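Structural characterization, general
This is what each chain is made of:
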Amino acid sequence: DVSSPKHGKVDPANMPHVGGNMWAGGTGGRDTAGLGGKGGPYRLDAGHRVYQVSQAEKDAVPEEVKRAAREMGEKAFKRRLKEIQMSEYDASTYERFSGAVRRQVQSLRIILDNLQ
């Protein structure tokens with residue numbers, strides 16, 4: 001069961017963590033920032049294979065936990081914008097332009113990675 005959203009502990013060795021309720025950047029877990037889990041405050045990619053929990057499990061997260069996770073995510077987003085000296089308007093403008101070329105950039109990254 002989910003209890004309350006949190007960032008989670010950072011693994012200094014960046015080992016992959018699947019499931020659980022402890023590690024930031026893990027996958028398929030609960031309550032912590034990561035990918036493929038449920039009840040976490042925001043997505044956090046540590047570069048590992050993603051294990052996805054079912055949509056039914058995500059839908060079963062209590063509304064108060066979802067609300068707390070959204071609030072935490074919003075605070076983290078605003079804090080990050082402040083760190084990089086970007087306004088919310090700047091972020092939405094960046095997202096609009098970035099979204100228009102996202103597929104092309106991804107294709108170029110794949111090509112460059114293969115050339116390396």
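Please refer to the structure higher up on the page.
Residues numbered from 1 in each chain as written. Predicted model: local features only at pLDDT ≥ 70, side-chain atom pairs only at ≥ 80, totals over all residues. Heavy atoms only, no water.

A word on the pattern of salt bridges
- A complete count under the given rule lists 7 salt bridges for this structure.
- Residues Lys78 and Glu88 are paired through a salt bridge, measuring 4.0 Å at the closest nitrogen-oxygen approach. Linking Lys78 in helix α2 (residues 63–83) with Glu88 in helix α3 (residues 88–115), this pair joins segments that are 10 residues apart in sequence.
- Under the relative-accessibility criterion, Lys78 is labelled partly exposed at 43%.
- For Glu88, a relative accessible area of 48% translates into the label partly exposed. (Salt bridge = Lys/Arg side-chain N within 4 Å of Asp/Glu carboxyl O. Helix = DSSP H or I, 4+ residues; strand = E, 2+ residues; numbered from the N terminus. Buried < 20%, exposed > 50% of the residue type's maximum accessible area, 1.4 Å probe, protein only.)

Some points on the packing of aromatic side chains
- Tallying each qualifying case throughout the model produces 0 aromatic pairs.
- Above the face of the Phe97 ring, Arg96 is positioned so that its terminal group lies 4.9 Å from the ring centre. (Phe/Tyr/Trp six-rings, centres within 6.5 Å; stacked < 30°, edge-to-face > 60°. Lys NZ or Arg CZ within 6 Å of the ring centre and 35° of its normal.)

Topic: a nonpolar patch on the surface
- A surface patch of nonpolar side chains, about 420 Å² in accessible area, is lined by Leu108, Ile111, Leu112 and Leu115.
- One can find Leu115 in helix α3.
- Judged by its relative accessible area of 67%, Leu115 is exposed. (Patch = residues over 30% accessible without salt bridge, like charges linked within 9 Å, V, L, I, M, F, W, Y side chains within 5 Å. Areas by Shrake-Rupley, 256 points an atom, 1.4 Å probe, with all protein chains shown as cover.)

What about unusual backbone geometry?
- In this structure, Asn14 takes a positive phi of about 50° despite not being glycine.
- Of note, Asn14 is situated in the segment before β1 (26–27).
- On the basis of relative accessible area, Asn14 is assigned to the partly exposed category, the value being 39%.
- In this structure, Asp31 takes a positive phi of about 70° despite not being glycine.
- Its location among the elements puts Asp31 in the loop between β1 and β2 (34–35).

Here's the deal with the environment of Tyr42
- Residue placement: Tyr42 occurs in the loop between β2 and α1 (55–59).
- A relative accessible area of 24% places Tyr42 in the partly exposed class.
- For the pair formed by Tyr42 and Ser87, sequence separation is 45 residues and the distance between their alpha carbons is 19 Å.
- When sequence neighbours within four positions are dropped, the list of residues in contact with Tyr42 reads His7, Ala33, Gly34, Met72, Gly73 and Ala76.
- Within the structure, Tyr42 has its side chain in polar contact with the side chain of His7 (distance 2.6 Å). (Contact = heavy atoms within 4.5 Å. Polar contact = N/O pair within 3.5 Å; in protein donor to acceptor, adjacent residues only side chain to side chain.)

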